[in-house]
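In case you want the letters, here they are:
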Amino acid sequence: MESKIEVVELNAGFGSTHVLKNISMSIPRNRVTAIIGPSGCGKSTFVRCLNRIHELVPGAWVRGKVLLDGKNIYDSDVDPVDIRRRVGMVFQKPNPFPAMSIFDNIAYGPKIHGMKKGLERIVEDSLRKAALWDEVKHRLKDSPVSLSGGQQQRLCIARALAVEPEVILFDEPCSALDPVATAKIEDLILELRENYTIVIVTHNMQQAARIADYTAFFLMGELIEYGETAQIFENPRDKRTEDYITGRFG
Amino acid sequence: MPRTPLERGMEKIRREVIELGGIAKQAVLLSVEALKERDMEKASRVGELEEKSDLLNLDIDESALKLMALQQPVARDLRFVNAMIKISDNFERIADLALKIAEIAQKYEEKELLKPLIDIPRMAATIAEMIDLDLEAIERHESPDTDKLVEMDDFLDDLYNQIYNELISYMLRDPRRIDDATDLLFVARYLERIGDIAAKTGARVVYMVEGRRVWVK
């Protein structure tokens, strides 16, 4: 399996708190990789290190390497803004810009990255890829606040797609959504896999089982087990993984 | 004490599978006794056991499906539920084969068997031991001694081959009794199949407990 991201001995934390401990793993191209683990295990910090937004928090630190197509994103000659464009992120709570129209929510990213031409094309393409176009094409000037939670989340996915990323990180993208909206996002993630590399943090074990090709189990900042999703859920090698996924943890 | 609904559901299924295994074992022993003693009452009791095994198997299947739908077991729990479905089918199949033996026994209400039975009851006793090994392993959630199961299965194969050769020579000597010889040949064949199923059940328990595939044939 060709890897898109190679994480090598990654350590990260905040001040004197050491959150991630020596994580090494390879994230395959055009596949969905799920990160599971109990609260506080470092899942979110981990994905935030993959597009350099962890360092935006005061006191945050990172050691080790994250190779994106072989190039360490923490090298001094790398522009973090460019990394954040190539590695997009969708957060737990849908967070469209409320003061902007649906159209401008999507167009904003391409504009600040200097992609001034063909904005209408970009907006339509992004909304189509996010399976939202048919639902909003007649109300592009409306505020995103009028959309349902599931639609807002798909708008955020469209916004991430608009700047042509290569990797999309999802941090608990369905935890605020009902089962129907969740199913739509899951279908969408499986479709997006064709063209993007996906990493998803989830507390929902069934969600990881449904959509991820690979699953990594984190515990107290360590990577305990990483393998094909079916193997993790049918026959985990490590007792701690087994105890966590069967709900016998702690 | 089981704590969660999943654990309680699994424990119920475990008890039912152990009960079904006991019924299957009893059906095999009884069917061979019915034949050996030409006891029609025992033969009809095998029919009752077989019916009971069908119902219990169905009940286990439904409980397992419900557990999967509502509790979404994973890892060792998933392997357990899957193993119980398969093993329940295995035991039900054993009871089916025992019924076929009992049906042959019913043909001998009025007539003598071709020969006194010696090796066929030995086959039945070996099978009972194999099923006991399986049931003990399920009860304790431990892998059974698969070497021992394979050894007993090989012993059954040897007995079957011996019975086969013996019956062929009977047929050659007295073609008028080919029908009776064929009946006993079928009985031995059914018992040999049951032995295979009992050994495979043990291998299934190993996967359930350890997540390791073993092949017994």
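Residues numbered from 1 in each chain as written. Chains lettered and ligands numbered in written order. Predicted model: local features only at pLDDT ≥ 70, side-chain atom pairs only at ≥ 80, totals over all residues. Heavy atoms only, no water.

### Structural notes on the layout of surface pockets
Residue and element names in this part refer to chain A. A volume near 580 Å³ is recorded for the largest pocket. R84, M89, F97, R159 and V163 are, among the 22 residues lining the largest pocket, the residues nearest its centre. For the lining of the largest pocket, the secondary structure elements donating two or more residues are helix 2 (80-86), strand 6 (87-90), helix 3 (102-112) and helix 6 (149-162). Within the lining of the largest pocket, the residues separate by chemical class into 13 nonpolar, 6 polar and 3 charged. (1 Å grid on protein atoms, 1.4 Å probe; cavity = no way out; pocket = protein on both sides within 12 Å on 5 of 7 lines; lining within 4 Å. Points joined across faces, edges and corners; volume = space filled by probe spheres on them. Helix = DSSP H or I, 4+ residues; strand = E, 2+ residues; numbered from the N terminus. Nonpolar A, V, L, I, M, F, W, Y, C, P; charged D, E, K, R; others polar.)

### Some points on the interface of chain B and chain A
In this assembly, 12 residues from chain B lie in contact with 10 residues from chain A. Summed over both partners, the interface of chain B with chain A comes to about 1000 Å²; 39% of that surface belongs to carbon and sulfur atoms. At the surface where chain B touches chain A, the tally comes to 4 salt bridges. With a closest N to O distance of 3.3 Å, E242(A) and R76(B) form a salt bridge. Put simply, chain B and chain A have 9 residue pairs in polar contact (both at pLDDT 80 or more) between them. When contributions to the side of chain B that touches chain A are tallied by element, the ones reaching two or more residues are helix 3 (75-106) and helix 6 (178-210) of chain B. Residue composition of the side of chain B that touches chain A, by class: 4 nonpolar, 2 polar and 6 charged. (Contact = heavy atoms within 4.5 Å. Buried area = accessible area lost by both parts, 1.4 Å probe. Salt bridge = Lys/Arg side-chain N within 4 Å of Asp/Glu carboxyl O. Polar contact = N/O pair within 3.5 Å; in protein donor to acceptor, adjacent residues only side chain to side chain.)

### A word on the sheet that holds strand 7 (residues 167-171) of chain A
All names here are of chain A. Here we have 6 strands laid out as an open sheet, ordered 6-7-8-3-9-10, and mixed in their pairing. The outermost strands of the open sheet, each flanked by one partner alone, are strand 6 and strand 10 (222-228). Ignoring strand direction, the axes of neighbouring strands in this sheet form an average angle of 20°. The pairing of strand 9 (residues 214-219) with strand 10 spans 6 bridges and is classified as antiparallel. Following the sheet pairing, F218 is matched in strand 10 by L223. Packed on one face of the sheet, helix 1 (residues 43-50) meets strand 3 (32-36), strand 6, strand 7, strand 8 (197-201) and strand 9 and runs near 155° to strand 8. Against the sheet, helix 6 engages strand 6 and strand 7, with an angle of about 170° to strand 6. (Pairing = 2+ DSSP bridges. Axes fitted to C-alpha atoms, helices over the stretch in contact; angles between N-to-C directions.)

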